Amino acid sequence: MTRSEQPVIETVPRRRGRAWVCSIAVVAAVGAAVAVAVTRSAGGVAEETEHKRVAGTALVERKTLQETVTSPGSLSYGGASGLDAGRAGTVTRLPREGGRVKIGDVLYAIDNQPVVLLRGRLPAWRAFKSDMSDGPDVQQLEGNLKTLGYFTGTPDTRFDWYTKAAILRWQDALGVKETGSIDHGLVVFAPGEVRVAETVARVGDQVGTGTAVLRLSGLDRIVTVELPTAKQALAKVRGKVTVNLLVGKATTGTISKVGAPRQQKGGDGKGIVVPVTITLDHPAAAGRLQEISVSVDFPTASRKNVLTVPIAALIALPKSGYGVEVVRNTGATETVAVKTGLFAGGSVEVTGDGLDTGQKVVVPAL
């Protein structure tokens, strides 16, 4: 090797009384937060250092910190329930899974007789015909026929000529035999429109009264969580939560129902949980997702409009407490002692003399 090929070794002058030691400090606040702490053998707080290579920086920000507890949950369509055949026969028509059935539309068909969805809280427990006794189910039927444009009078509890005439017009529109009566099992009452969650039977199946045919659900997707009773206080009706749908994708939700404590589903069945129902504030955020596992962040503590830095920016001071290294415009760093507050979401609330929004702090690289 010639003299010109000799490697150049850059020397760094030693300075007494100042040594840097990198260590990992565990900062506890509701959970354990891991931060890189930098200690020095000598030197004081708020002392400006010479220029040195900074591994990374982050801005001091003023924002709201929200501390949360996360629990697993599931996203699905609410109000799922089974629908059984109201009469015996052969299944000749079924709806599309995932499809929507409106009031007045056909749910399925038995022996080529359409079973129609109507609105109502009372179930259909008998046939509708001229010699039937008065009842609220008659008024419920007439109300539907009026909404659909076939009943001209005022709905009441009595099956009369006006009822029969309306049924005849309705049957004509459906394209079925016009009898002026409705056999039991040919109408299904529900609180509103439904979604077909699953077709249990198949076209051509022979079914009897009470045989499962469909599974129906509501039109809206909801999130359900089984909270341990120890965390029951986190769930309050109309409370706001964050629903984590996929990695990096989240939306907000509102607690719509908190149920009574019950045994946990699955597992050993020994745990007592509180069922919590959450409505998505922005359903479109879920896209086409359905029947998936999610996680839900329940807020526990909040600090508004506070100065924050990344937890990793904290350094342990020689005597006690914490500080941050502020990068000045000259490129030099200055250690500022800080008092920590709430830890949440990878950030920590800090207060310190001279610390302000927009300043850069050192975030060591691990």
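It should be emphasised that the depicted structure is a prediction, and the values quoted were computed from it without experimental measurement. (Residues numbered from 1 in each chain as written. Predicted model: local features only at pLDDT ≥ 70, side-chain atom pairs only at ≥ 80, totals over all residues. Heavy atoms only, no water.)

With respect to unusual backbone geometry
Applicable threshold: Strands are runs of DSSP state E lasting at least 2 residues, helices are runs of H or I lasting at least 4, and numbering of each runs from the N terminus. Type-normalised accessible area, obtained with a 1.4 Å probe on protein chains alone, sets the label of each residue: buried when under 20%, exposed when over 50%, and partly exposed for intermediate values.
A positive phi is found at Arg238, a non-glycine position, where the angle reads about 75°. When you line up the elements, Arg238 lands in the loop between β14 (221-228) and β15 (240-246). Unusually for a residue other than glycine, Asn305 sits at a positive phi of about 55°. Secondary-structure assignment places Asn305 in strand β19 (residues 292-310). On the accessibility criterion, Asn305 (52% relative accessible area) is exposed.

Quick look at the pattern of salt bridges
When their charged atoms lie close together, side chains carrying opposite charge are able to pair. Quick reminder of the rule: Basic side-chain nitrogens of Lys or Arg form a salt bridge, by our definition, when they fall within 4 Å of a carboxyl oxygen of Asp or Glu.
Inspection of every chain in the model, using the stated rule, returns 9 salt bridges. Here Arg328 makes a salt bridge to Glu334, at a shortest N to O gap of 2.4 Å. Take Arg328: its relative accessible area is 27%, and that puts it in the partly exposed class. Classification of Glu334 by relative accessible area gives buried; the value is 15%.

Thoughts on the packing of aromatic side chains
Working definition: an aromatic ring pair is given by the centre-to-centre distance plus the angle between the planes. Our working rule: When two rings of Phe, Tyr or Trp (its six-membered ring) have centres within 6.5 Å they constitute a pair, described as stacked for plane angles under 30 degrees, edge-to-face for angles over 60, and tilted for the intermediate range. Lysine NZ or arginine CZ positioned within 6 Å of the ring centre and within 35 degrees of the ring normal marks a charge as sitting over the ring.
Counted by the stated rule, this structure contains 2 aromatic pairs. Between Phe128 and Phe189, the aromatic rings sit 6.5 Å apart at their centres with planes inclined by 75°, giving edge-to-face as the arrangement. Here Phe189 lies in strand β10 (residues 187-190) and Phe128 lies in the loop between β9 (113-119) and α1 (136-147), a separation of 61 residues in the sequence. The exposure class of Phe128 is buried, given its relative accessible area of 1%. Ring plane angle 80° and centroid distance 5.5 Å describe the contact between Trp161 and Tyr162, whose orientation is recorded as edge-to-face. The exposed category is assigned to Trp161, whose relative accessible area is 63%. The ring of Tyr77 is capped by Arg195, whose NZ or CZ atom sits 3.8 Å from the centre of that ring.

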